[in-house]
Amino acid sequence: MITTLEDAPAAVSRSDLLRQIADLKKARNAVILAHNYELPEVQDVADYVGDSLFLAREAARSRAEVIVFCGVHFMAETAAILCPGQKVLLPDLNAGCSLADSITVEQLVAWKQAHPGAVVVSYVNTSAAVKAESDYCVTSSNAVAVVRSIPAGREILFLPDMYLGSHVAEATGRKMHIWMGECHVHAGINPAALDAVSRLHPGAELLIHPECGCSTPALWAAGDRKSRAGQRVITSTDGMLRYVSSSPSREVIVATELGIIHRMRQLNPEKEFVPASRTAICPYMKMITLEKIHTALRTLSPQITVEPDIARRAIVPIERMLEVAATAA
């Protein structure tokens, strides 16, 4: 039993810990958001689970006084920008992102100077400072729609993920300058890895996240996808969840971070989900635990804040992202 909100958790059972989290959440008027890649027990305790776009929408519409963001740093920053009057907590400040770290605001400013007048399209996997220098923000689920909304003939700088950028360029037919960044987890899911697992499961459908190193035709051509695999679908994590729920296929190869398979199995217990790579585990996405959520709710820390000028400029591309997503939905 929690006597005050400041009481530290003793060694308690899992059921007691969950009960304490529920009590603290109610007392703090808090909501817990979790990304699809988080630990299973973190997903299970969350009020909302989804991809970056879904969580950004939930943060924007939330009326909770406290938002506990179970994801990585750039996601919590986005929530803080969208919810300036609420406390946004990231239970572990070390939960970063190798993709977001692949470009700095100084590098972006220099790139813009080399291409004056270009439209800057930044993946949501970027820092708030990079977003503040951007015209549009995108996620893997709406990047194609956002680029299609940009008037033809405009020069486009797309950053920082080269695989998502190549996928968007192919899907839209637009020529873009693409930053050579990558997610170290998704980049490791390459054509050779996908070809190997496809040989073992020749009739399975393939669900591929556009950040993967196997997502573009030029790279995936290294494997004979058509002769040894079922349909290939490139989509976001939430797109994957929607697809498998409507597909009649009983076996699916999943090419993204392994955390999503927990929800896939919960929603589709009759189907088999095969990881494209059993090493596709993001260490940053596994840093947040139930104990850290409890501590964050108890202490109201660590809190994520964004410098006001950066937040003022960064919210413009973020809101454009949400508007385009709503139109495309």
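Structure shown above.
Here's a quick rundown of the structure.

Conventions we followed
Throughout this document, residue positions are counted from 1 along each chain, in the order its sequence is written. Where local features are concerned, this predicted model is filtered to residues with pLDDT of at least 70; where side-chain atom pairs are given and counted, the filter is 80 or more; whole-chain, interface and lining totals use all residues. As a convention, hydrogens and water are excluded, and side-chain values are obtained from all of the structure's heavy atoms. Definitions used throughout: a 1 Å grid over protein atoms alone; a cavity as a set of points that fits a 1.4 Å probe which cannot get out; a pocket as an open set with protein on both sides within 12 Å along at least five of seven lines; a lining residue as one with an atom within 4 Å of a point. Grid points are joined across faces, edges and corners, and a volume is the space filled by probe spheres set on the points. Put simply, DSSP H or I for four residues or longer makes a helix, DSSP E for two residues or longer makes a strand, and each gets a number counted from the N terminus. The residue classification treats Ala, Val, Leu, Ile, Met, Phe, Trp, Tyr, Cys and Pro as nonpolar and Asp, Glu, Lys and Arg as charged. All others, Gly included, are polar. Each residue gets one of three labels from its accessible area relative to the maximum for its type: buried under 20%, exposed over 50%, partly exposed in between, using a 1.4 Å probe on protein chains only. Just so you know, the count uses Lys and Arg for positive and Asp and Glu for negative, and it drops His and the chain ends. We count a salt bridge whenever a side-chain nitrogen from Lys or Arg sits within 4 Å of a carboxyl oxygen from Asp or Glu. Polar contact is defined as a pair of N or O atoms within 3.5 Å, subject to the rule that within protein one atom must be able to donate a hydrogen and the other to accept it, and that residues adjacent in sequence are counted only when both atoms are side-chain atoms. In this analysis, two residues are considered to be in contact whenever any of their non-hydrogen atoms come within 4.5 Å of each other. With axes taken as lines fitted to C-alpha atoms, and helix axes fitted only over the stretch in contact, angles between N-to-C directions fall between 0 and 180 degrees. Roughly parallel means an angle under 35 degrees; roughly antiparallel, over 145; roughly perpendicular, 65 to 115; everything else is oblique. By definition, turning the near helix anticlockwise from the far helix through less than a right angle yields a left-handed crossing, and turning it clockwise yields a right-handed one. The pairing criterion is simple: DSSP has to find at least two bridges between the two strands.

Taken as a whole, the largest pocket holds about 410 Å³ of empty space. Forming the walls of the largest pocket are 25 residues, and the residues nearest its centre are Leu 53, Ser 141, Asn 142, Ser 236 and Arg 242. At four residues, helix 13 (residues 237-246) tops the list of elements feeding residues into the lining of the largest pocket. Here the residues of the lining of the largest pocket sort into 13 nonpolar, seven polar and five charged.

The topology assignment puts Lys 271 in the loop between helix 14 (260-267) and strand 12 (272-275). In this structure, Lys 271 is buried with no salt-bridge partner, the nearest side chain bearing the opposite charge being Glu 270 at 4.5 Å. Within polar-contact distance, the side chain of Lys 271 engages the backbone oxygen of Ser 247 at 2.5 Å. Setting aside residues no more than four positions away along its own chain, Lys 271 makes contact with Val 244, Ser 245, Ser 247, Ser 249 and Arg 250.

Attention now moves to the packing of helix 13 against helix 14. Where helix 13 meets helix 14, the closest approach of the two axes is 10 Å, and the angle between their N-to-C directions is 25°. Regarding the angle of helix 13 to helix 14, the classification is roughly parallel. At the point where helix 13 passes helix 14, the crossing takes the right-handed sense. Here Thr 237, Asp 238, Met 240, Leu 241 and Val 244 of helix 13 come into contact with helix 14, specifically with Ile 260, Arg 263, Met 264 and Leu 267.

Let's shift gears to unusual backbone geometry. Residues Leu 159 and Pro 160 are joined by a peptide bond in cis, for which omega reads -10°. In the segment running from Ser 301 into Pro 302, the intervening peptide bond is cis, with an omega of -5°. Topologically, Pro 302 is positioned in the loop between helix 15 (290-299) and helix 16 (308-328).

Now for the sheet that holds strand 5 (residues 119-123). In spatial order, the strands read 6-5-7-8; together these four strands make up an open sheet with parallel pairing. Because the sheet does not close on itself, it has two edges, and the strands there are strand 6 (136-138) and strand 8 (177-178). As paired elements, strand 7 (residues 156-159) and strand 8 share two bridges and run parallel to each other. Paired with Phe 158 across the strands is Ile 178, a residue of strand 8. Here helix 5 (residues 105-114) sits on the sheet in contact with strand 5, strand 7 and strand 8, set at roughly 160° to strand 7.

In the structure shown here, the tally under the stated rule is two cavities of 30 Å³ or more. As a volume, the largest cavity reaches approximately 270 Å³. Mapped onto the lining of the largest cavity, the elements with two or more residues apiece are helix 4 (73-82) and helix 9 (184-187). Here the element with the most residues in the lining of the largest cavity is helix 9; it accounts for three residues. Looking at the lining of the largest cavity, its residues break down into 13 nonpolar, 11 polar and three charged.

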